[in-house]
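# Examination of the molecular architecture
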Amino acid sequence: MDVSNGALNSLALTLADGRGATGAVLGVVGVLLVLMLIGAFWLGKRRHDQELPPPRPEEQPVPPEHRTHVEERDVHGDDDFPADGQRLLPYELGDHGNDPLHRDDDKRHD
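The rules we used
Residues numbered from 1 in each chain as written. Predicted model: local features only at pLDDT ≥ 70, side-chain atom pairs only at ≥ 80, totals over all residues. Heavy atoms only, no water. Helix = DSSP H or I, 4+ residues; strand = E, 2+ residues; numbered from the N terminus. Areas by Shrake-Rupley, 256 points an atom, 1.4 Å probe, with all protein chains shown as cover. pLDDT = per-residue confidence, 0-100. Salt bridge = Lys/Arg side-chain N within 4 Å of Asp/Glu carboxyl O. Buried < 20%, exposed > 50% of the residue type's maximum accessible area, 1.4 Å probe, protein only. Patch = residues over 30% accessible without salt bridge, like charges linked within 9 Å, V, L, I, M, F, W, Y side chains within 5 Å.

Along the backbone of the chain there are 3 helices and 0 strands. N-terminal to C-terminal, the α/β element order of the chain is α-α-α. Counting every atom, the chain has about 11500 Å² of accessible surface; 59% of that belongs to carbon and sulfur.

Rendered as structure tokens:
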């Protein structure tokens, strides 16, 4: 009695049937997808293990004793609030706020 021939015929009949072929193909694709995900996780874990560890507290850079930069406040336009404390209405503002701000040391090229 040849058992392998019967198993082969059974597989051939399963794949020849439309529903069986789809199920077999989807099963193979599912197994391959799971193997790919496991492989990607394994590769990511290996790369993570090869990275340098974070620096210890004594390896951290020492901050300087003096300030290394000076923060300047933005220079706003020449227009101030009215001296009498009245508000400016939108039509009184004119075209203010749309022009670029120039510092005194900037050279204007007009």
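Back to the text.
Here the focus is the confidence of the model for the chain. Confidence along the chain averages 75 in pLDDT terms, with 58% of residues attaining 70 or more. Here helix α1 (residues 3-16) stands out as the element of the chain with the lowest mean pLDDT, 60, in contrast to helix α2 (residues 18-50), whose mean of 89 is the highest.

This model, assessed by the stated rule, comprises 2 salt bridges. Of the charged contacts in the structure, one is a salt bridge between Arg56 and Glu58, with a shortest N-O distance of 2.7 Å. Arg56 is the salt-bridge partner of Glu59, the closest N and O atoms lying 3.1 Å from each other. By relative accessible area, which is 44% here, Glu59 ends up partly exposed.

On the surface, Val28, Val31, Leu32 and Leu35 cluster together into a nonpolar patch covering about 380 Å² of accessible area. Relative to the helices and strands, Val28 resides in helix α2.

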